[in-house]
Structures are given as C-alpha cells and as structure tokens.
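Geometric and topological summary
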Amino acid sequence: LCRRCVTLLRGCHGDLTVTSPILLAGEDFSPAALREAAADILGVPPLAVVGHGEAVARAMSANPFPSDVSSLLFLSVGQDAHACLLLRDGTGQWSPAPLGEPLTATLHRSLRGAEPSAEGIRRGVAVFLTELCRFLRPDLIYMEDPRGVLPDEGVFASLLPDGVEVAVRRVEEGLTAAEEGAALLGRRMIWDKILFG
C-alpha cells in the first residue's frame, strides 16, 4: 500500500534529518498505515497525515473568491486525477463535502474511458463535467492543470449550464493546491505547538 511512500521516507532519512513530516494522503492510502510507516522509519510520528480534500480546502481558503461563491468543484488532472466538492461557511472557510471519494472515482472512470493522450484527457474531463452538472451545479468549477493539457475556460463553459463559472489554473512550477494546503496546515500546526505547547 505504501511502497512508494516508504521508499521516499527511507531516502530522506538517509540524507536528511527529518523531524516531523507532513504527509499528503491520496484516496488509496490509509492515513493510519502512512502514520505507522513514517514513525517506524523515522523514529518519530508525522506531524500530520492530511487528506487531499482537506488540503485543497485549506489552499482554497487562502485564495480570494467572490462572496457569492459558496460551492466549488475542484478538479486536478496532474500525476493523479483528483476531484472534490468544497462548501464555504459564513466565515469564508472551505471544507470538503462527503462527495469527495465518489467524485474522484467517477473522474478516474471518465479518464479511463478515453485514450491517455492530451486530447483524451480533455475529452474525459468534458464528459465528467457534463455528466456531473446534470444533477450538481456548483457555483464555480476550479480546474488545476499541472500537465498543461486543458483548454481555456470558454471551451468547458460552453458545455455547462448557464451560471456555472469555470476557472483553469495552470501549474507550470511550484506547488499544486493540495501540496500548498498541506504545507499551510502543517505550518499552522507547528505554530500551535510553539504557542500552546
């Protein structure tokens, strides 16, 4: 289950002093198994094992969105496709809705149904969005594109019902939203430890 993660942790432990890692867990990884593997290899438990939906919600809370946007469908087609529905509360903070895992599974099915080329990915995303918007209409669909394969917003907007906004975020360098959110959560936890013990 955690073979690649364990290999990475062992490599870090050999060359670096890792005191308390923050692990970002995908849907296929058990947080308990990751926590146990990290503690066994490094000799200290991880500071946190953060789920994708929670990490994305934290990253989105750091971005300014119009006040009338209360539901957001986040979609990433990077190394591992991921989707989650986020809902915003009265304080402006986002939190993942329970639909996260089924949405990601549906996205994977849509992408598997097309060839793995850039055009196939675009077609798979279009199928996923048009099917989804038949019964769910978020205020905003926010797509992350680390591979540089998605077209501009207008192409997807023309396929969707009126009133559904689309934004495409290109990630050519730097952190993905999930990585950024995990780092922000980890930083907050470190500050809490410093301030409150």
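Refer to the preceding data block for the structure.
Residues numbered from 1 in each chain as written. Predicted model: local features only at pLDDT ≥ 70, side-chain atom pairs only at ≥ 80, totals over all residues. Heavy atoms only, no water.

As for the overall build of the chain
- Of regular secondary structure, the chain possesses seven helices and seven strands.
- In the chain, the succession of helices and strands from N to C terminus is α-β-α-β-α-β-β-β-α-α-β-α-β-α.
- Counting only contacts in the chain whose residues sit at least 6 apart along the sequence, the fraction spanning at least 24 positions is 66%. (Helix = DSSP H or I, 4+ residues; strand = E, 2+ residues; numbered from the N terminus. Contact = heavy atoms within 4.5 Å.)

Thoughts on the nonpolar core
- Ranked by internal contacts, the top residues of the largest apolar core, which has 27 residues, are Val 125, Phe 128, Leu 129, Ile 141 and Met 143.
- Within the residue set of this core, elements represented by two or more residues are β3 (71-76), β4 (82-88), α4 (100-112), α5 (118-132), β6 (140-145) and β7 (165-170).
- Among the elements that take part in this core, α5 stands out by supplying six residues, more than any other.
- Ignoring sequence-local partners within four residues, the contact set of Ile 141 consists of Leu 73, Leu 129, Cys 133, Leu 160, Val 164, Glu 165, Val 166 and Ala 167. (Core = buried A, V, L, I, M, F, W, Y, C linked by side-chain atoms within 4.5 Å. Buried < 20%, exposed > 50% of the residue type's maximum accessible area, 1.4 Å probe, protein only.)

Points about the side chain of Ser 110
- Within the secondary structure, Ser 110 sits in helix α4.
- For Ser 110, a relative accessible area of 16% translates into the label buried.
- Excluding anything up to four places from it in sequence, Ser 110 contacts Gly 124, Val 127 and Phe 128.

Considerations on the sheet that holds strand β5 (residues 94-96)
- With mixed pairing, the five strands of this open sheet are ordered in space as β5-β4-β3-β6-β7. The open sheet has two edge strands, β5 and β7, and neither has a second partner. Across the sheet, the mean angle from the axis of one strand to that of its neighbour is 25°, orientation sign disregarded.
- One ladder, built from three bridges, connects β4 with β5; its direction is antiparallel. Along β5, the bridge assignment pairs Leu 87 with Ser 95.
- The strands touched by α4 are β3 and β4; relative to β4, the strand with the most contacts, the crossing angle is about 145°.
- Docked against the sheet, α5 engages β3, β4 and β6, running at close to 160° with respect to β3. (Pairing = 2+ DSSP bridges. Axes fitted to C-alpha atoms, helices over the stretch in contact; angles between N-to-C directions.)

Remarks on a nonpolar patch on the surface
- On the surface, a nonpolar cluster with roughly 610 Å² of combined accessible area is contributed by Ile 190, Trp 191, Ile 194, Leu 195 and Phe 196.
- One can find Leu 195 in helix α7 (residues 177-196).
- Residue classification places Leu 195 among the exposed positions, given a relative accessible area of 56%. (Patch = residues over 30% accessible without salt bridge, like charges linked within 9 Å, V, L, I, M, F, W, Y side chains within 5 Å. Areas by Shrake-Rupley, 256 points an atom, 1.4 Å probe, with all protein chains shown as cover. Salt bridge = Lys/Arg side-chain N within 4 Å of Asp/Glu carboxyl O.)

On their own, these measurements won't tell you what the molecule is for.
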